[in-house]
Amino acid sequence: MTLEEKAGQLTILADTIRPCNPDINPEVNHRQADEMVDQIRRSRVGSIFNGVGVKEGREAQRIAIEETRLGIPLIFGSDVIHGMWTVFPIPLGEAASFEPSIAEQTARATALETTASGIHWTFAPMVDVARDQRWGRVAEGSGEDVFLGKAFAVARVKGFQGSDLRSEDALLSTPKHFAAYGGVSGGMEYNFVEISESTLRDVHLPAFKACLDAGALTLMSAFNDIAGVPASGNKWLMTDILRGEWHFKGFVVSDYTADEELVNHGFAADGRDAARLAFTAGVDMSMQSGLYVDHLPDLVASGQVSLEAVDEGVRRILSVKKAIGLFENPYKCLDLKREESLEKIKSGHDELARESARRSIVLLKNEKLLPLKKSGQKILLVGPFASDVDNLHGCWTVYGDKKRAVPVDVGICMKSKDVEVLQGCNFEASTDRGIDEAVEAAKRADVVVLAIGEPEDFSGESQSRTQIVVPEAQQKLAEALAAAGTPIVVLLRTGRALAISGAVLRAEAILVTWFLGTQTGPAIADVLFGDYNPSGKLPVSFPADSGQQPLFYNAPRTGRPQGNGDRTFKATWREVHSKALFPFGFGLSYTSFSFATPLLSTSTMGWDETLKASVQVSNTGERDGEEVVQLYIHDCVASRVRPVRELKGFRKVLLRAGETQKISFELRRLDLSFHGADGNFQAEPGEFHLWISSSSAAGEPVKFQLMPASVA
Ligand code: BGC
């Protein structure tokens, strides 16, 4: 290979041959398509992204194979985050199911639709731990917890990739964004990240490592810096840790122009310098900037980048192309017949879309109002989301078949004939007329179902907020409806935890419905009318006030905890206490559960021993229901300040009305380990607390000791 051909393999560019939205400026697209064909012919690009369609995909691939000297096939990548044509709940919503197996199924279904559409590779899962709800990309990940996030990350990698990467329906996955992007200061998008190495290693890295262990072959480098060194130019991160410690054999792709942005960071002097720094730090493939094709040949010629390093980068990329079977079958995922069968594939996913959506809904509050009756109860469905079809999918749905998406009113009207539907207000701008009409209608109704929250574009990339509240116009509608006196069920649509207040918080019932995707309406109706008993739990803490951010349940202990007492000289605020309004792991059901005191196999756990912890959980209500049984620990004295609680196990169990089950967990020393003051990852002997509870704020701890290694 010539140096230019090598640099081409190290480059990915946006697909202008078959852009995902050809309606936008078709002429320009056409011209750009010609330019891209030229780039492929000249071997200046080895992968293209965010395009769709088999016919043009075949043509692009034909050019790469037949009209270039070496005939190396292209990889087609894309952002397929929570569904291709069938849209599943946003990842944050799906995490609320606390069922990684659901995520594995939706990722598999996504892979079937995506690979049939001419795409080999998705830039997902997003595995960034998000501890600040102001950050808009909270929606794309699994929330604030390391353990839960890891479980969902692994499930998604397995689901996308399937059991054999060479098979026609295997979708190559890319855990992103490496690393600590979720740690942006103040929750502000693209901001700096100032965290310690132990926080990086204990909180932000584990999901990546777990994904690689599960078979992920590519990673995407992040936009942010970490303690002053941009991730996309960070040799310690991408070479020492990733290659040295983790023995990663796949390749790293930069985020969109993240290599070029080293210049904006003030970390590189110009594009050439940025290419050098990103490449030598460990970014194998440059996305969209074109800096590698422009500068790598010259950087090698001048001795600033070694030929061996370039060869190694190319080898990694070609190995991944080989691993997915592209050399044997360059027309993989480019089968016209399979594409024609897409309608059938899609309709086979409706049931899964509904199931995953209803399992993602979280019941925050219920003062004997839910479930609703299917007849004999006059329902007013009101709010800007009542019949809206533009905000069902949520952020990062590049494709998403809008025609198949079922809004809330359609779902509800399928179950009850006694429904009046009104918009009430706009998403943001106040319209008193709509509010007056809604109030009149509420007075005639037995129950108000109020569909409010964040529009779709309030979360996702570049959508950080300072006030994580229900938009003003909608809050105003809620206040007016509350004054009418009819009981209210709030359907809260959101891509992050919100600080809810006033009439929204005082509503008789609150369901967090995230963005649920294609089957939004039917899934919400299933829960509203009790055809499905809600079982979701919050994957993020819902704060009492926006100003509490960053607020997450597993925060380190302070020297002056507030407890339940006075705020003076305690770690809290003047205006508001230091707790979440609805904590991580919280969620109600239409039945009730009780937890007995956990039982431990021993109160002195040997260094190499496995501790067994079990609990009797009873369904004390009159309906069958599912409960997420959660195991938390706390290390009471340690060389580094430990979180007040840490999730170390969870299981969703179905309990019939009146049934009691014993739920057991196992803990090993590894589960108690963290990066201590000496930088080593290890457990420290001494006292631990252990809870098995229904949320991160429930239950009473039992104690055990981890015995030192020397004590037999
Ligand atoms: C986002 C990535 C995405 C990439 C390619 C970037 O702006 O940060 O998550 O994969 O664009 O579309």
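What counts and how
- Residues numbered from 1 in each chain as written.
- Predicted model: local features only at pLDDT ≥ 70, side-chain atom pairs only at ≥ 80, totals over all residues.
- Heavy atoms only, no water.
- UniProt positions renumbered as here; feature names shortened; annotations may be inferred.
- Axes fitted to C-alpha atoms, helices over the stretch in contact; angles between N-to-C directions.
- Helix = DSSP H or I, 4+ residues; strand = E, 2+ residues; numbered from the N terminus.
- Parallel < 35°, antiparallel > 145°, perpendicular 65-115°, else oblique.
- Left-handed = near helix turned anticlockwise from the far one by under 90°.
- Contact = heavy atoms within 4.5 Å.
- Nonpolar A, V, L, I, M, F, W, Y, C, P; charged D, E, K, R; others polar.
- Core = buried A, V, L, I, M, F, W, Y, C linked by side-chain atoms within 4.5 Å.
- Buried < 20%, exposed > 50% of the residue type's maximum accessible area, 1.4 Å probe, protein only.
- Salt bridge = Lys/Arg side-chain N within 4 Å of Asp/Glu carboxyl O.
- Expected span 1.5 Å × (residues − 1).
- Pairing = 2+ DSSP bridges.
- Near = heavy atom within 4 Å.
- Polar contact = N/O pair within 3.5 Å; in protein donor to acceptor, adjacent residues only side chain to side chain.
- Areas by Shrake-Rupley, 256 points an atom, 1.4 Å probe, with all protein chains shown as cover.

- Looking at an unreviewed UniProt entry, one finds the chain named beta-glucosidase, with Durusdinium trenchii as its source organism.
- According to its UniProt record, the chain has this under Sequence similarities (unreviewed entry): "Belongs to the glycosyl hydrolase 3 family."

## Comments concerning the packing of helix α15 (residues 350-360) against helix α20 (residues 520-528)
Any two packed helices are characterised by how steeply their axes cross, that is the angle between the axes, and by the distance between the axes.
Logical step 1: Two elements in contact, α15 and α20, have axes whose closest approach is 8 Å; the angle formed by their N-to-C orientations is 50°. With respect to α20, the axis of α15 lies oblique. Here α15 runs over α20; the crossing is right-handed. When α15 is examined against α20, the residues Arg354, Ala357 and Arg358 are found in contact with a partner set consisting of Pro522, Ala523, Asp526 and Val527.
Logical step 2: Residues that form the contact of α15 with α20 fall into these classes: 4 nonpolar, no polar and 3 charged.

## What about the nonpolar core?
Logical step 1: Ranked by size, the top nonpolar core spans 143 residues in total, and within it Phe178, Leu450, Val489, Trp514, Leu528 and Phe542 carry the most contacts.
Logical step 2: Once residues lying within four places of it in the same chain are set aside, the contact partners of Phe542 are Leu364, Leu492, Arg496, Ala497, Leu498, Val512, Trp514, Ala580, Leu581 and Phe582.
Logical step 3: Ranked by size, the runner-up nonpolar core spans 22 residues in total, among them Leu611, Ala613, Val629 and Leu655.

## Some words on the UniProt feature "domain: Fibronectin type III-like" (unreviewed entry) in the chain
Logical step 1: UniProt tags residues 627-696 as "domain: Fibronectin type III-like" (unreviewed entry).
Logical step 2: Secondary structure across residues 627-696 divides into 0% helix and 56% strand, with the first and last C-alpha atoms of the span separated by 14 Å.

## Brief notes about the pattern of salt bridges
Logical step 1: Scanning the model with the defined rule gives 52 salt bridges in all.
Logical step 2: The salt bridge partner of Glu67 is Arg41, with a shortest N-O separation of 2.4 Å. Note that Glu67 is positioned in the loop between α3 (54-66) and β3 (75-78) and Arg41 in helix α2 (residues 26-41), a separation of 26 residues in sequence.
Logical step 3: Here Glu67 falls in the partly exposed class, since its relative accessible area comes to 31%.
Logical step 4: With relative accessibility at 40%, the residue Arg41 sits in the partly exposed group.
Logical step 5: Across the pair Arg404 and Asp350 runs a salt bridge whose closest N-O atoms are separated by 2.7 Å. Of this pair, Arg404 sits in the loop between β12 (379-382) and α16 (408-413) while Asp350 sits in helix α15, and the two are 54 residues apart along the sequence.

## Let's talk about helix α17 (residues 432-444)
Logical step 1: Compared with the 18 Å implied by 1.5 Å per residue over 13 residues, the 19 Å span of α17 between its first and last C-alpha is a close match.
Logical step 2: Contact partners of the buried residues in α17: β12, β13 (419-422), β14 (447-453) and α18 (472-484).

## Here we look at the sheet that holds β13
Logical step 1: Strand order across the open sheet formed by 6 strands is β11-β16-β15-β14-β12-β13, with mixed pairing between neighbours. The two strands at the open ends of the sheet, each matched to only one other strand, are β11 (362-366) and β13. Going from strand to strand, the sheet's axes swing by 15° on average, the running direction of each strand aside.
Logical step 2: Here α17 sits on the sheet in contact with β12, β13 and β14, set at roughly 170° to β13.

## As for the site of the ligand
Logical step 1: Taken together, the neighbourhood of the ligand is formed by 14 residues, with Asp79, Arg137, His177, Asp255 and Glu461 sitting nearest.
Logical step 2: In the model, an oxygen atom of the ligand is placed 2.4 Å from a nitrogen or oxygen of the Asp79 side chain.
Logical step 3: Note that an oxygen atom of the ligand is positioned 2.7 Å from one of the side-chain N or O atoms of Glu461.
Logical step 4: Coverage of the ligand by the protein amounts to 94% of the 310 Å² it exposes when considered alone.
Logical step 5: The class makeup of the residues in the shell around the ligand is 7 nonpolar, 2 polar and 5 charged.

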